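# Breakdown of the fold
Each chain, letter by letter, is given below.
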Amino acid sequence: MDNEKSIEQMIYDETEKRLAVMKSPDYVFPKKTTKVDVIGIAVSVGVSIVLIILCMVGVIL
C-alpha cells in the first residue's frame, strides 16, 4: 500500500514541477499541429496497418 501512495505522490510532484516550468515567462509552447503533421501521422498509421496485414497473411516473414 505504501508503494501506491509513493507512486501517487511522485505523480503529483512531477505534475507540479512540469506546471511550474510551463508557467515560467520564458517557456516556449510547441507549435500547433498542421495539415502536414496530420497527413504524416495518417500515412504512418496506414503503412503500419498494411505491413501488419502483410505479416498476418504471410507475405512478409
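Scroll up for the structure.
Read on for an overview of the structure. Model, not experiment: these values are computed from the prediction.

### Topic: the overall build of the protein
Broken down by element type, the protein carries two helices and zero strands. Computed over the C-alpha atoms, the radius of gyration of the protein is 21 Å, more than 25% above the 10 Å expected from 2.2 N^0.38 for a compact globule of 61 residues. Over its C-alpha atoms, taken along the principal directions, the protein stretches across nearly 50 × 40 × 15 Å. A burial count over the protein gives 0% of its 61 residues as buried. Counting only carbon and sulfur atoms, one obtains 69% of the accessible surface of the protein, whose full area is about 6,000 Å². With 7 positive and 8 negative side-chain charges, the protein shows a separation of 12 Å between the mean positions of the two kinds.

### With respect to the pattern of salt bridges
Think of it this way: side chains of opposite charge can pair up when their charged atoms draw near. Within the structure shown, the criterion is met by three salt bridges. Two residues, Arg 18 and Glu 14, come together in a salt bridge whose shortest N-O distance is 3.0 Å. Of the two residues, Arg 18 and Glu 14 both sit in helix 1 (residues 2–23), four residues apart, roughly one turn of that helix. Residue Lys 31 pairs with Asp 37 through a salt bridge whose shortest N-O separation is 3.9 Å. With relative accessibility at 67%, the residue Lys 31 sits in the exposed group. What makes Asp 37 partly exposed here is its relative accessible area of 28%. Taken together, the shared-partner salt bridges connect Glu 14, Lys 17 and Arg 18 into one network.

### Focus: a nonpolar patch on the surface
Together, Ile 39, Ile 41, Val 43, Val 45, Val 47, Ile 49, Leu 51, Ile 53, Val 57, Val 59 and Ile 60 make up an exposed nonpolar region whose accessible area comes to about 1,000 Å². Note that Ile 53 resides in helix 2 (residues 35–57).

Here is what the cut-offs are and how they apply
Note that residues are indexed from 1 along each chain, following the sequence as it is written. In keeping with the predicted nature of the model, local features appear solely for residues at pLDDT of at least 70, side-chain atom pairs appear and are counted solely at 80 or more, and the whole-chain, interface and lining totals rest on all residues. With hydrogens and water set aside, each side-chain value is computed from the structure's full complement of heavy atoms. Runs of E in the DSSP output that reach at least two residues are strands. Runs of H or I that reach at least four are helices, and both are numbered from the N terminus. The size measure is the radius of gyration over C-alpha atoms, and the globule rule it meets is 2.2 Å times the number of residues to the 0.38 power. In this scheme, a residue with accessible area under 20% of its type's maximum is buried, one over 50% is exposed, and one in between is partly exposed, where area comes from a 1.4 Å probe on protein chains only. Per-residue and other accessible areas follow the Shrake-Rupley method at a 1.4 Å probe size, with only the shown protein chains counted as cover for residues. The charge count treats Lys and Arg as positive and Asp and Glu as negative. His and the chain ends do not count. Positions of charges follow a simple convention, taking NZ of Lys, CZ of Arg, CG of Asp or CD of Glu. Definition used for salt bridges: Asp or Glu carboxyl oxygen within 4 Å of a side-chain nitrogen of Lys or Arg. Patch definition: residues with relative accessible area over 30% and no salt bridge; like charges joined within 9 Å; nonpolar side chains (Val, Leu, Ile, Met, Phe, Trp, Tyr) joined within 5 Å.

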